[in-house]
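Residue-level listing of the chains:
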Amino acid sequence: MPSLIDTMKPRLVLGALATLLAALALPDAASAEALPAKLSLDIYAIPSRPIVAAVDRASAELGALGMTSFRAKGQAVHATLYLTQYPASALPRLKAAIARLARGRQPIPLAVDGAERSPTNWLFLRVTRSAALQRLADEVTLAAEPLRDHDLAPPAWMKDYPAKLPAFERYGSPNVFMQFDPHLTLLANEASPALATYMARAAQQPRARRAGWKGSASAWSMPMARS
């Protein structure tokens, strides 16, 4: 895993946010009826090109073993900062809160330091939890949490991570503050036995190649997800 370095320009954050705000503009009267009453929204950091390229390489290695990553399915590479559910009526206030938070934002370095397989066969590239990234995630959580839906049940996978339950109950997300666990998701609930082969190969890489990729977070977004 070669070391790669890049720099995020703050204007890209604001430019990406402007695009986001247009994409999440309030629906008109004709389309409002089709909008779900509750929406799951992911506020995330978009890594710079060196890290995206590293995810592409990992996806290609998985593909060669017969597994299809989220990236191969067309999903944008992203590191979630805060993911929870909101009432649709909160969208305007949520967009305004994130817009205020984005103003004057400085570059955020990002580093990936290897692969991790969960007990339920999710595969991630670990993102280093730097002070700058932790601070950004904390600020996003504090800005967005007051607007969230409070009628939430824990996701099924949390039964394997009971330590995350208090964070979920308080903030509507299990991965916030001390439980913040930044990562780039490659696979979910993978059934292929070839995943063990991939992990064995990753573990055999020389330490210099496993040291990590370095880049930056280049934008924020809040794509609509399934409610």
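Only a predicted model underlies this, so the values are computations on that prediction, with no experimental measurement involved.

Here is what the cut-offs are and how they apply
Residues numbered from 1 in each chain as written. Predicted model: local features only at pLDDT ≥ 70, side-chain atom pairs only at ≥ 80, totals over all residues. Heavy atoms only, no water. Helix = DSSP H or I, 4+ residues; strand = E, 2+ residues; numbered from the N terminus. Contact = heavy atoms within 4.5 Å. Buried < 20%, exposed > 50% of the residue type's maximum accessible area, 1.4 Å probe, protein only. Pairing = 2+ DSSP bridges. Salt bridge = Lys/Arg side-chain N within 4 Å of Asp/Glu carboxyl O.

The next point concerns the environment of proline 155. Tracing the sequence through the fold places proline 155 in the loop between helix H5 (131-144) and helix H6 (165-171). Sequence-wise, proline 155 and phenylalanine 168 are 13 residues apart; in three dimensions their C-alpha atoms are separated by 9.5 Å.

The next point concerns the environment of glutamate 190. By the secondary structure assignment, glutamate 190 is in the loop between strand E5 (183-187) and helix H7 (194-204). Residues glutamate 190 and leucine 123 lie 67 residues apart in sequence; the distance between their C-alpha atoms is 8.1 Å. For glutamate 190, the residues in contact, after removing those within four places along its chain, are Met67, Thr120, Asn121 and Leu195.

In this section: the pairing of strand E4 (residues 123-127). Counting buried positions over the five residues of E4 gives four, a clear majority of the element. Bridging between strand E3 (residues 108-117) and E4 involves four bridges; their strand directions are antiparallel. Across the sheet, residue valine 112 finds its bridge partner in E4, namely valine 127. Following E3, the chain reverses through five residues before pairing antiparallel with E4; asparagine 121 in that reversal takes a positive phi of roughly 65°. Note that E4 and E5 share four bridges and pair antiparallel. By the bridge assignment for E5, phenylalanine 124 is matched with threonine 185.

Tracing the backbone through its elements, the reader meets serine 118 in the loop between E3 and E4. Residue serine 118 is classed as buried on the basis of its relative accessible area of 8%. The residues contacting serine 118, other than those within four sequence positions of it, are Phe124 and Tyr161.

Moving on: the pattern of salt bridges. Evaluated as defined, the whole model comprises six salt bridges. Across the salt bridge formed by aspartate 56 and arginine 71, the nearest N and O atoms sit 2.6 Å from each other. Linking aspartate 56 in helix H3 (residues 49-64) with arginine 71 in the loop between H3 and strand E2 (79-87), this pair joins segments that are 15 residues apart in sequence. Of the residues examined, aspartate 56 reaches a relative accessible area of 33% and is grouped as partly exposed. The partly exposed category is assigned to arginine 71, whose relative accessible area is 29%. Close ionic contact of glutamate 145 with arginine 170 constitutes a salt bridge, the shortest N to O distance being 3.3 Å. Of the two residues, glutamate 145 sits in the loop between H5 and H6 while arginine 170 sits in helix H6, which places them 25 residues apart along the sequence. Judged by relative accessible area, which is 10%, glutamate 145 ranks as buried.

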